[in-house]
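Breakdown of the fold
Here is how the chains run, residue by residue.
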Amino acid sequence: MQYSKLGSSPLEVSRVCLGSMTWGVQNNQNDANEQIEYALEQGVNFIDTAEMYAVPPAPSTYGKTEEIIGNWLKTNAARRDELIIATKVAGSGLNWIRDGSEITGDNVELAVEGSLKRLGVDHIDLYQLHWPNRTSPHFGKHHPNHFAFSNVDSEQQKAQMYDILQGLERCVKAGKIGYCGLSDDTPWGINTYLSLSKEFDLPRMVSIQNEFSLLHSKDWPYLLENCVHEEVAYLPWSALATGLLTGKYRNGVIPKGSRHSLMQRHGNFRGSELTHQAVDAYCEIAKTYGFTPAQLALAWCDKVDGVTSTIIGATSMAQLKEDIEAFSLTMPEQMVADIARVHKQFATPF
């Protein structure tokens, strides 16, 4: 297993981050225990969760994933230091989480307390803002004029960010969180937080996790360049594009129990005709070079300059083993060229 520095923090995280959002719906406690044990055996030391998990989010499953991780930690207390635990505070839109309110400094403190209790730990290594209060170009909103940046009151947003940083600082000073990060944000969001942190001596954002895959590479080059030069770790989520890049949804197949067989909070907007054409092409390249389609997608993501650690998720041990193995595979030069050719053809397939 290879390791990378988590942005400007001193933490060294594995190039593989174990995602957990299926634990509590698609996976049970025993499944999670087995995944955690196997990941640790392979050298994975980084695990990502969120207060709103499991997915799809619902009042009945709110906090369930953190509880599952907490149950494992309860029976493996001596192994707490083997894990760098990352979790997230939910933003607005879910009325069963703080009445659907936006992220504020006070809400950060409330959410941290809840996560600490569910996880059964005295500190969280990386605490992230799950999505910004303002609308951002994520979850299918990345095409021009889907919404208007010019309608955003930037001074109001800065005031909210300052308040959030103050809440994070209170948690850091209390020893409840170690480092802070972003999710589903933009270069403006990163740089505004960094500027406020520097001006007011507040906690610095050390990471950002955004959707990034062969089917959704909009963060290259501008956001990734920003991350590299500002020492902000880049953590891709959905590197398999909600499973599309495994090839399991080809020809209209929707396997029972798969993510696409469940309710999709934002709709299944990724499954366009162009997406399926791209997936077919990547599957053929994978077959040519003896990779599985999932391994091709993950190996490609891992090799993108600026990527720190790729968040993976699996609903079976076979999938987890296949995924982790991808990070030790070497892609031949011609394979890289073949992937680049298809990627250029299907740069924005959804």
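Each remark here, short or long, concerns the structure printed above.
Notes on the structure in this doc start here. For clarity, every value in this text was computed on a predicted model and none was experimentally measured. (Residues numbered from 1 in each chain as written. Predicted model: local features only at pLDDT ≥ 70, side-chain atom pairs only at ≥ 80, totals over all residues. Heavy atoms only, no water.)

Re the packing of aromatic side chains
Applying the stated criterion to the full structure yields six aromatic pairs. Judged by centre distance (5.7 Å) and plane angle (20 degrees), the rings of F212 and W300 are stacked. Taken together, the residues span a long stretch of sequence, with F212 in the loop between β8 (205-211) and α6 (222-230) and W300 in helix α8 (residues 293-302) at a distance of 88 residues. W300 matches F212 in its accessibility class, with the two residues each being buried. Three or more aromatic residues joined by ring pairs form one cluster here, namely F212, Y234 and W300. Taking NZ or CZ as reference, R118 lies 5.0 Å from the ring centre of Y62, over its face. (Phe/Tyr/Trp six-rings, centres within 6.5 Å; stacked < 30°, edge-to-face > 60°. Helix = DSSP H or I, 4+ residues; strand = E, 2+ residues; numbered from the N terminus. Buried < 20%, exposed > 50% of the residue type's maximum accessible area, 1.4 Å probe, protein only. Lys NZ or Arg CZ within 6 Å of the ring centre and 35° of its normal.)

Comments concerning the sheet that holds strand β7 (residues 177-183)
Consider a sheet: its strands pair through backbone hydrogen bonds, and that pairing is either parallel or antiparallel. Across the sheet, which stays open at both edges, the eight strands sit in the order β9-β8-β7-β6-β5-β4-β3-β10 with parallel pairing between neighbours. The open sheet has two edge strands with one neighbour each: β9 (233-237) and β10 (310-312). Strand-to-strand twist in this sheet, taken as the mean axis angle between neighbours without regard to direction, amounts to 30 degrees. One ladder, built from three bridges, connects strand β3 (residues 16-19) with strand β4 (residues 46-48); its direction is parallel. In the strand pairing of β4, G19 is matched with D48. (Pairing = 2+ DSSP bridges. Axes fitted to C-alpha atoms, helices over the stretch in contact; angles between N-to-C directions.)

Quick word on the nonpolar core
With 85 residues, the main nonpolar core has Y127, L168, L215, L245, Y282 and I339 as its most contacted residues. Top element by residues in this core is α8. It accounts for seven residues. Counting 13 residues, the second largest nonpolar core, distinct from the first, contains F46, A86, L126 and W237. (Core = buried A, V, L, I, M, F, W, Y, C linked by side-chain atoms within 4.5 Å.)

None of this, on its own, says anything about what the molecule does.
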